[in-house]
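# Geometric and topological summary
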Amino acid sequence: MKLIYDMQYNFVILHPKNQRNKMQDINFDNIHRFGSLIAQAARIAIVTHMRPDGDAMGSSTAMYHFLSMLGKKEHKIIIPDPYPAYLDFITSEIPAGAICAHSTDKAQAENALAQSDLIICLDFNAFHRTDAMAPALESSKAAKVLIDHHIGPDRESFAVSFSETQISSASELLYHILMAFPQIDSDASRLPAACATALMTGMTTDTNNFANSVYPSTLGMASSLLAAGVDRDNILSELYNRHSESRLRLMGHMMKDLMKITDDGVAYIVLDTETMRNYKVQDGDTEGFVNMPLSIGKVRMSLLLKEEEDRIRVSIRSKKGTSANRCARMFFNGGGHENAAGGRLNKPGDVATIAEVPEYIEKYTHIYLTEYE
Ligand code: 5GP
Ligand code: MN
């Protein structure tokens, strides 16, 4: 691995395998074009993926505060559906009317997209990841900018694309982009405090608190943000020490009674609506549970399935050498990252009822691991 220095004196890493400079999209031209689009736009929409997680909300919130710092007055975060309450602490400085969810306020969300001059898309690689909001996003005449860390971005749909997969999170990618703006000039202490906190939060949740997808650049970012005064202890206590009692009891029930492990080393847990009702499961309550079975030596891949009205949500995690992304794309109508992916089973369609899910998983993960891995 060879370290080289870019024009901003941030280190970039040359990967011997693909010979692609890390963060090559963060160059003078792209930053200049992005900066000009911001300067010219009166109305700006910040958009992220459905069921927004810490990285989605962290990067969107950070972008919001950076635009405020640049003097923009009419910018909004437009999300496909509401974000979980445990992330309220990062969005607390955003005025109530400046975050709008398409699922609860369709007309306002679609108007905002139609009337925007610029739409900044964070933490997703293709419009369909915004679910029912996708047609309005796609048809908006606004210039679109992509900031994302997933494989295979739809670059043609964007005026400027910042795409990097060898990175922890969209929040980290946005951090490096902001560092390259002349207003910040590689000095993290110039970021608004709420922006810096949101970036640190997004990186923390997407790396599972530094457990995976950590690169030298990730630690560099964390170090600079800490030095700039970000209160990491507070972020950790907001993220990990404020859960309900029922959440921990549900986790016990899931690991003890619901987790099954196949002979191929696939652990899976199916959560039906009745169980979620009994344990009063809120949005975001099962965050992180899908990783736990990977602590077992013989487990190569872990799946968590949650029943919804017309579909079953699928989360997949895998160890190195097994591709969660490929399995999600082939058999679970989804995709994602190499070792962290998601998708859905349609009900009816892939399965008639939730009762058929174990059989589906055992059959298709067996086919996947024996024929395609
Ligand atoms: P999670 O299991 O946390 O919901 O999702 C893990 C990752 O999988 C996300 O960061 C996202 O990249 C990806 N992902 C989740 N659901 C879907 C989906 O339905 N389609 C695609 N293409 N990716 C998904
Ligand atoms: Mn992400």
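Keep in mind that what you see is a predicted model, and the values were worked out from it rather than measured. Counting restarts for each chain, with residues numbered from 1 along the sequence as it is written. All chains are assigned letters beginning with A, and all ligands numbers beginning with 1, in the order in which they are written. Given that this is a predicted model, residues contribute local features only at a pLDDT of at least 70 and side-chain atom pairs are listed and counted only at 80 or more, while totals for whole chains, interfaces and linings are drawn from all residues. Derived side-chain values reflect all non-hydrogen atoms in the structure, with water molecules and hydrogen atoms excluded from consideration.

## Notes on the site of ligand 1
For clarity, the threshold we go by: To be near a molecule or strand, a residue needs just one of its heavy atoms within 4 Å of it. Contacts described as polar in this section are N or O atom pairs within 3.5 Å, which, within protein, must combine one atom able to donate a hydrogen with one able to accept it, while residues neighboring in sequence count only if both atoms come from side chains. Computed by Shrake-Rupley with a 1.4 Å probe, the accessible areas treat only the displayed protein chains as cover when residues are assessed. Each helix is a run of DSSP H or I of at least 4 residues and each strand a run of E of at least 2, with the numbering of both proceeding from the N terminus. Three classes are used, and their members are as follows: Ala, Val, Leu, Ile, Met, Phe, Trp, Tyr, Cys and Pro are nonpolar, Asp, Glu, Lys and Arg are charged, and the others, Gly among them, are polar. Segmentation of the chain into domains, including their bounds, is taken from an automatic or database domain assignment.
In the neighbourhood of ligand 1, 13 residues make up the surrounding shell, with H150, S315, R317, G335 and A341 lying closest. Contacts to ligand 1 include S315, whose side-chain N or O atom sits 2.5 Å from an oxygen atom. With respect to ligand 1, the side chain of R317 contributes an N or O atom lying 2.9 Å from an oxygen atom. Protein chains bury 84% of the 490 Å² of accessible surface belonging to ligand 1 in isolation. If you list the elements that add at least two residues to the shell around ligand 1, you get β12 (311–318), β13 (335–336) and β14 (340–346). Here the residues of the shell around ligand 1 are counted per class, giving two nonpolar, eight polar and three charged. Domain assignment of the residues forming the shell around ligand 1 places at least three in each of domain 1 (2–239) and domain 2 (245–371).

## Considerations on the coordination of the manganese ion (ligand 2)
We apply this condition: Donors, by definition, are the N, O and S atoms found within 2.8 Å of a metal, the threshold being 3.2 Å for Na, K and Ca, and water is not counted, so a site can look incomplete. In this scheme, a residue with accessible area under 20% of its type's maximum is buried, one over 50% is exposed, and one in between is partly exposed, where area comes from a 1.4 Å probe on protein chains only.
Distances from the manganese ion (ligand 2) to its protein donors, namely D55 (OD), D123 (OD), H149 (NE2) and D206 (OD), fall within the range 2.1 to 2.4 Å. Look at where the donors of the manganese ion (ligand 2) fall in the sequence and you get D-x67-D-x25-H-x56-D. With D55 in helix α2 (residues 54–69) and H149 in the loop between β7 (143–148) and β8 (160–163), the pair connects residues that are 94 residues apart, well separated along the chain. Exposure remark for D55: the relative accessible area of 0% places this residue in the buried category.

## Regarding helix α8 (residues 216–227)
To keep things clear, this is the line we draw: Multiplying one less than the number of residues by 1.5 Å gives the expected span of a helix. Each C-beta atom gives one direction from the helix axis, and the arc is the one those directions make.
Spanning 12 residues, α8 covers 17 Å between terminal C-alpha atoms, matching the ideal 16 Å at 1.5 Å per step. Turning to α8, its buried residues number three or more, namely S217, T218, M221, A222 and L225. Looking down the long axis of α8, one finds its buried residues gathered within 140° of arc, a one-sided arrangement. Backbone geometry just after α8 places G229 at a positive phi near 105°.

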